[in-house]
Amino acid sequence: MMRNAKMLLNAFLCSLTLALGAPLASHQGKRHDSGIPPVDAKQSVDGIKQVNNRYLVEIEPIFNNKCFDCHATVKKLPWYAKIPGPRHLIERDIREAKKHMDMTHDFPFAGHGTPSEDIDALEGVIKKGSMPPMRYRVMHRGSQLTREEAGKIQNWIDASKVMLTSETWRTRK
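About the thresholds
Residues numbered from 1 in each chain as written. Predicted model: local features only at pLDDT ≥ 70, side-chain atom pairs only at ≥ 80, totals over all residues. Heavy atoms only, no water. Axes fitted to C-alpha atoms, helices over the stretch in contact; angles between N-to-C directions. Helix = DSSP H or I, 4+ residues; strand = E, 2+ residues; numbered from the N terminus. Parallel < 35°, antiparallel > 145°, perpendicular 65-115°, else oblique. Left-handed = near helix turned anticlockwise from the far one by under 90°. Contact = heavy atoms within 4.5 Å. Nonpolar A, V, L, I, M, F, W, Y, C, P; charged D, E, K, R; others polar. Buried < 20%, exposed > 50% of the residue type's maximum accessible area, 1.4 Å probe, protein only. Polar contact = N/O pair within 3.5 Å; in protein donor to acceptor, adjacent residues only side chain to side chain. Salt bridge = Lys/Arg side-chain N within 4 Å of Asp/Glu carboxyl O. Core = buried A, V, L, I, M, F, W, Y, C linked by side-chain atoms within 4.5 Å.

(A) Up close: the packing of helix α2 (residues 45–66) against helix α7 (residues 147–163). The contact between α2 and α7 brings their axes to 10 Å, and the two run at 165°. In this view, α2 runs roughly antiparallel relative to α7, as classed from their interaxial angle. Two packed elements cross with a definite hand, and for α2 against α7 that hand is left-handed. In this structure, α2 contributes Gly47, Gln50, Val51, Arg54, Tyr55, Ile59, Ile62, Phe63 and Lys66 to the contact, and α7 contributes Glu149, Lys152, Ile153, Asn155, Trp156, Ala159, Ser160 and Met163. Its residues assigned to classes, the contact of α2 with α7 comprises nine nonpolar, four polar and four charged.

(B) Representation of the side chain of Lys66. As for its position among the elements, Lys66 is in helix α2. Overall, the relative accessible area of 16% leaves Lys66 in the buried class. Here Gln144 takes part through its backbone oxygen, which lies 2.8 Å from a polar atom of the side chain of Lys66. Other than its neighbours up to four places away in sequence, Lys66 contacts Gly142, Ser143, Gln144, Leu145, Thr146 and Glu149.

(C) A look at the pattern of salt bridges. Evaluation of the coordinates by the stated rule reveals seven salt bridges. Residue Lys66 is joined to Glu149 by a salt bridge in which the shortest nitrogen-to-oxygen separation is 3.2 Å. A residue pair is termed long-range when its members are at least 10 positions apart, and Lys66 in helix α2 and Glu149 in helix α7 qualify at 83 residues. A relative accessible area of 17% places Glu149 in the buried class. Salt-bridge contacts for Arg135 lead to Asp93; the nearest nitrogen and oxygen are separated by 2.4 Å. Taken together, the residues Arg135 in helix α6 (residues 134–139) and Asp93 in helix α4 (residues 84–100) connect sequence positions 42 residues apart.

(D) Inspection of the nonpolar core at higher detail. By size, the foremost hydrophobic cluster in this structure holds 24 residues, and its most contacted members are Tyr55, Phe63, Met103, Phe107, Phe109, Leu122 and Trp156. If sequence neighbours within four positions are ignored, Phe107 has contacts with Ile48, Val51, Asn52, Tyr55, Pro115, Asp118, Ile119 and Trp156.

Interpretation note: all reported values are geometric properties and have no functional meaning in isolation.
Written out as C-alpha cells, the structure is:
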C-alpha cells in the first residue's frame, strides 16, 4: 500500500513538472559556446592549472554529487525516465544544462567561453541559490547545496579570481 502511494506521488510530481514546463536555463540571454572554452589572452595557463587542481580536490566531489546529473555524464537516470513524456523532458533539460555549463571535463568547463565567465556564472548561481531548479529539487530531495558546500565553492571562486590574476578579472554588473 505504501509503495503504491509513493509511486502515485512520484507520478503526480512528474506530471506536475511536465505541466510547469519551465526551462532549466539560469542564464537568460547570455551566449553559450560549444566545445573547449577559449582562454583570455591575459589569463595565464598556470593560473588555469592552479584553479583546476584545486577544483579537482575540493569542488569536483561536490559537483559530482549535486550537479553532474545534468551538467556532465549522467550515471543513472531515475525510474520515470523510461516513460516517454518525462524521458523527453529529462533529455531536453540535460541538453540545455550542458549548453549553459558542461562539466563533463575538468575546469575550465565548456559552455560560457572563458574561464572567467565560468567563474562568474558559478558565483551568480551560488549567490542566488538558483541551482538546481525548483522542479528538480521537488523530484530529488537533498540535491540543493548545503551552506557548507556553497561556502567551499565560494572560497574556491574567490581564490580562482586571484589565480586567474586580479588585474585581468572582469567584474560584471
